[in-house]
Amino acid sequence: MNIQNTLYSILDLALVSQGNTLQETFNGALKLAQHAESFGYTRYWLAEHHNSSNIGSSATSILIGYVAQGTKTLRIGSGGIMLPNHSPLIVAEQFGTLASLYPNRIDLGLGRAPGTDRETAQAIRSDFMQAAQSFPKELEKIQTYFSKENATAKVRATVAEGVDVPIYILGSSTDSAHLAAEKGLPYAFASHFATTHLWNAIDIYRREFQPSNDLKQPYVIAGVNIIIADTDEEAERLSTSLIRMIVGIFTGKRDYVQPPTAMTDEFKQIMQNPQVNQMLKYSFIGSKATVKAQVKEFLEQTKADELIAVTNIYDVEDRIRSYKLFAEIMKEL
């Protein structure tokens, strides 16, 4: 594989930073997407999460429409819609509508996790566990609703029939790799936080891949955490907001994204915690030169077709700057 041909994209959570309103957060997401378009990014995906004060992408399909309206060529999509939370019919109708409004620009990434805690998952859908176990069948339903052949069925998603919405399987374990391979669909692995199964998952996917009408060859998207600044020290300082977010996940004390502070010995010790260290294994933090070497090595090892970058830091201007430098790296490799 020639890493010069590797596409690069953004996975966003519409992070809510301390002191910012939701309107400012959503405007910031749009501003980021607009800059990403000018930087040469392929797609901008939003992830569905619920009951988390620092994440604003709960109503994912609505936010996708808002960002698509404010951009022109960038592909906009879900990374992903957590299918067990939803009726496949409603998802097909929502994304069929989006793709009719913004033709050839909408992606539908699907995952089976709840994107929240157990109590909230139950509040969203009381039969969540059953729906999660039925993920392959629910996926087939969505594919059926998008097909022209469903026009004669009793139950139809009329606004989705024949509409071009590429489907991506998202995963953080090997289960999703088997499914994506069986269905002949592109596969996006959440290696920006679920690092343990990356190698097994992409190996299974590539070995078991069955060509389909959607895809003739395996297509792997790998998630990476990217924080780039003018110096290694500045990038480390910006990363303290991410470290606080991770600590909040492990302690159950989630809060708005906090402003960065100096990289102290305490933060360095947290980074060396086995759980934190494993979770952030594919986090490339530093100057452009530092991150360029790390990204090059990662691409040579994974042979990923596309990288989807996650930059969970406090200030939108710092995020835009980081994504600009990452785009420069990808063009130079």
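A brief structural summary. Being a predicted model, the structure only gives us computed values, none of them experimental.

Side note on the overall build of the chain
For step 1, the next point in the chain: Along the backbone of the chain there are 13 helices and 9 strands.
For step 2, the next point in the chain: A compact globule built from 333 residues would reach a C-alpha radius of gyration of about 20 Å, and the chain, at 19 Å, matches this within 12%.
For step 3, the next point in the chain: Residue burial in the chain is summarised as follows: out of 333 residues, 53% are buried.
For step 4, the next point in the chain: Of the roughly 14900 Å² of accessible surface on the chain, 50% is carried by carbon and sulfur atoms.

Overview of the packing of helix α1 (residues 22-39) against helix α13 (residues 316-332)
For step 1, the next point in the chain: In contact at an axis separation of 10 Å, α1 and α13 are set at 20° when each is read in the N-to-C sense. Judged on the interaxial angle alone, α13 and α1 are roughly parallel. As α1 runs across α13, the sense of the crossing is right-handed. For the pair α1 and α13, contact is made by Gly28, Lys31, Leu32, His35 and Phe39 and by Val316, Glu317, Arg319, Ile320, Tyr323, Lys324, Ala327 and Lys331, respectively.

Considering the side chain of Arg319
For step 1, the next point in the chain: Its place among the elements puts Arg319 in helix α13.
For step 2, the next point in the chain: Judged by relative accessible area, Arg319 falls into the buried class, the value being 6%.
For step 3, the next point in the chain: Excluding residues within four positions of it along the chain, Arg319 makes contact with Asp12, Leu32, Thr311 and Ile313.

Digging into the nonpolar core
Here is a general trend for soluble globular proteins: nonpolar side chains tend to be buried in one another's company.
For step 1, the next point in the chain: Within the largest apolar cluster, 91 residues are counted, with the highest numbers of intra-cluster contacts made by Tyr41, Tyr44, Phe95, Leu108, Tyr205, Val295 and Phe326.
For step 2, the next point in the chain: Considering each element in turn, this core owes the most residues, 7 residues, to α13.
For step 3, the next point in the chain: Judged by nonpolar contacts, the second largest core, of 11 residues, contains Val276, Met279, Leu280 and Ile285.

Here's the deal with the packing of aromatic side chains
We describe a pair of aromatic rings using the distance from one ring centre to the other and the angle between the two ring planes.
For step 1, the next point in the chain: A complete count under the given rule lists 9 aromatic pairs for this structure.
For step 2, the next point in the chain: Ring geometry for Trp45 and Tyr168: centres 5.1 Å apart, planes at 75°, overall edge-to-face. Here Trp45 is found in strand β2 (residues 43-46), whereas its partner Tyr168 is found in strand β5 (residues 167-171), with 123 residues between them in sequence.
For step 3, the next point in the chain: A network of ring pairs unites the aromatic residues Tyr8, Tyr41, Tyr323 and Phe326 as a single cluster.

Some details on unusual backbone geometry
For step 1, the next point in the chain: Here the amide bond leading from Gly79 into Gly80 is cis, since omega sits at 5°, within 30 degrees of zero.
For step 2, the next point in the chain: Checked against the element boundaries, Gly80 lands in strand β3 (residues 75-82).
For step 3, the next point in the chain: One non-glycine residue, Asn51, lies in the positive phi region at around 60°.
For step 4, the next point in the chain: When you line up the elements, Asn51 lands in the loop between β2 and α2 (60-69).
For step 5, the next point in the chain: Taking the relative accessible area as the measure of exposure, Asn51 reaches 59% and is therefore exposed.

A look at the packing of α2 against helix α3 (residues 88-101)
For step 1, the next point in the chain: Closest axis-to-axis distance for the α2/α3 pair is 11 Å, and the angle between their directions is 0°. Here α3 runs roughly parallel to α2, going by the angle between their axes. Taken together, the residues of α3 that come into contact with α2 (itself represented by Ser61, Ile64 and Gly65) are Gln94, Phe95 and Leu98.
For step 2, the next point in the chain: Of the residues assigned to the contact of α2 with α3, the class counts are 3 nonpolar, 3 polar and no charged.

Some thoughts on α2
For step 1, the next point in the chain: Across the 10 residues that make up α2, a large majority, 7, are buried.
For step 2, the next point in the chain: All of the buried residues in α2 are Thr60, Ser61, Leu63, Ile64, Gly65, Val67 and Ala68.
For step 3, the next point in the chain: Among the structural elements, α1, β2, β3, α3 and β4 (106-111) are those in contact with the buried residues of α2.

Conventions we followed
Each chain carries its own residue numbering, running from 1 in the direction its sequence is written. In view of the model being predicted, local features appear only for residues whose pLDDT reaches at least 70, and side-chain atom pairs are presented and counted only at 80 or more, with totals across whole chains, interfaces and linings using the full set of residues. For the side-chain quantities, the full set of heavy atoms in the structure was used; hydrogens and water were omitted. Helix and strand labels come from DSSP, where a helix needs a run of H or I of at least four residues and a strand needs a run of E of at least two; each type is numbered from the N terminus. Atoms counted for the radius of gyration: C-alpha only. Globule rule: 2.2 Å times the number of residues to the power 0.38. To sort residues, take the accessible area from a 1.4 Å probe on protein chains only and compare it with the maximum for the residue type: under 20% means buried, over 50% means exposed, and anything in between is partly exposed. Using the Shrake-Rupley algorithm and a 1.4 Å probe, accessible areas are obtained, with residue cover drawn only from the displayed protein chains. Every angle, taken between N-to-C directions, lies between 0 and 180 degrees, and every axis is a line fitted to C-alpha atoms, over only the stretch in contact when it is a helix. Angles below 35 degrees are treated as roughly parallel, those above 145 as roughly antiparallel, those between 65 and 115 as roughly perpendicular, and all remaining angles as oblique. Put simply, a crossing is left-handed when the front helix is turned counterclockwise from the back one by less than a right angle, and right-handed when it is turned clockwise. Contacts are assigned to residue pairs with any non-hydrogen atoms lying within 4.5 Å of each other. Residues belong to one nonpolar core when they are buried, are Ala, Val, Leu, Ile, Met, Phe, Trp, Tyr or Cys, and are joined through side-chain atoms within 4.5 Å. Each pair of aromatic rings taken from Phe, Tyr and Trp, with Trp reduced to its six-membered ring, is defined by centres within 6.5 Å and is described as stacked if the planes are under 30 degrees apart, edge-to-face if over 60, and tilted in the remaining cases. In this classification, the charged set is Asp, Glu, Lys and Arg, the nonpolar set is Ala, Val, Leu, Ile, Met, Phe, Trp, Tyr, Cys and Pro, and all remaining amino acids, among them Gly, are polar.

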